[in-house]
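Each chain, written out:
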Amino acid sequence: MEETGTGASHPPVLVLAGGLCVVTLVPPEDQTAWTGCAVFLRRLRDHAEDLAALLEARAERRDGAEG
C-alpha cells in the first residue's frame, strides 16, 4: 500500500508485484464512491484465497500428470 499524499487529490494506491503478475488498484476520484471501493476490496480479499488455492491445486495435478 502506498500513501501518495494526504489530500483527497492524492488517494492511497495498492500495488502488488510478484513474478509475472502486477496489480495496481487506484480508488475512484469521486470520494463518494470510496465506500463501494472498500466493499470491492474486501470481496477481493475474501476470494483471492479461493483463486490461489484453485491455481495451486491445478498446478499440482499438472505436475503429478507429468511426473
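Colleague: An account of the overall build of the chain is requested, with residue identities and associated values reported.
Modeller: Scanning the chain from terminus to terminus reveals one helix and two strands. Here the chain, with 67 residues, has 7% of them falling under the buried criterion. If you take every contact in the chain between residues at least 6 apart in sequence, the share linking residues at least 24 apart comes to 3%.

Colleague: Go over a nonpolar patch on the surface, please, and point to the residues and values.
Modeller: Residues F40, L41 and L44 make up a contiguous nonpolar surface patch of roughly 250 Å² in combined accessible area. As for its placement among the helices and strands, F40 is situated in helix α1 (residues 34–66).

Colleague: Run through the environment of V22, naming residues and quoting values.
Modeller: Following the sequence through the fold, V22 ends up in strand β2 (residues 21–25). If we skip the residues at most four places from it in the chain, V22 touches L16 and A17.

Colleague: Tell me what's going on with the pairing of strand β1 (residues 14–18), and back it up with residues and numbers.
Modeller: Regular strands show a simple pattern: their side chains alternate between the two faces of the sheet. With five bridges joining them, β1 and β2 adopt antiparallel strand pairing. Looking at the pairing, G18 lines up with C21 of β2. Counting the residues in the hairpin turn of β1 and β2 gives two residues, including G19, whose phi is positive at 60°.

Colleague: Requested: an account of the environment of S9, with residues and values cited.
Modeller: Tracing the backbone through its elements, the reader meets S9 in the segment before β1. S9 sits 21 residues away from D30 along the chain, and the two C-alpha atoms are 9.7 Å apart.

Colleague: Describe the pattern of salt bridges, with residues and values.
Modeller: Here the structure, examined in full by the defined rule, presents two salt bridges. With its nearest N and O atoms 3.0 Å apart, the salt bridge here joins R45 to D46. You can call R45 exposed: its relative accessible area is 53%. Judged by its relative accessible area of 43%, D46 is partly exposed. R62 is paired through a salt bridge with D63; the nearest N and O atoms lie 3.0 Å apart. Relative accessible area serves as the criterion here: at 46%, R62 is assigned to the partly exposed category.

So, how was this worked out
- Residues numbered from 1 in each chain as written.
- Predicted model: local features only at pLDDT ≥ 70, side-chain atom pairs only at ≥ 80, totals over all residues.
- Heavy atoms only, no water.
- Helix = DSSP H or I, 4+ residues; strand = E, 2+ residues; numbered from the N terminus.
- Buried < 20%, exposed > 50% of the residue type's maximum accessible area, 1.4 Å probe, protein only.
- Contact = heavy atoms within 4.5 Å.
- Patch = residues over 30% accessible without salt bridge, like charges linked within 9 Å, V, L, I, M, F, W, Y side chains within 5 Å.
- Areas by Shrake-Rupley, 256 points an atom, 1.4 Å probe, with all protein chains shown as cover.
- Salt bridge = Lys/Arg side-chain N within 4 Å of Asp/Glu carboxyl O.
- Pairing = 2+ DSSP bridges.

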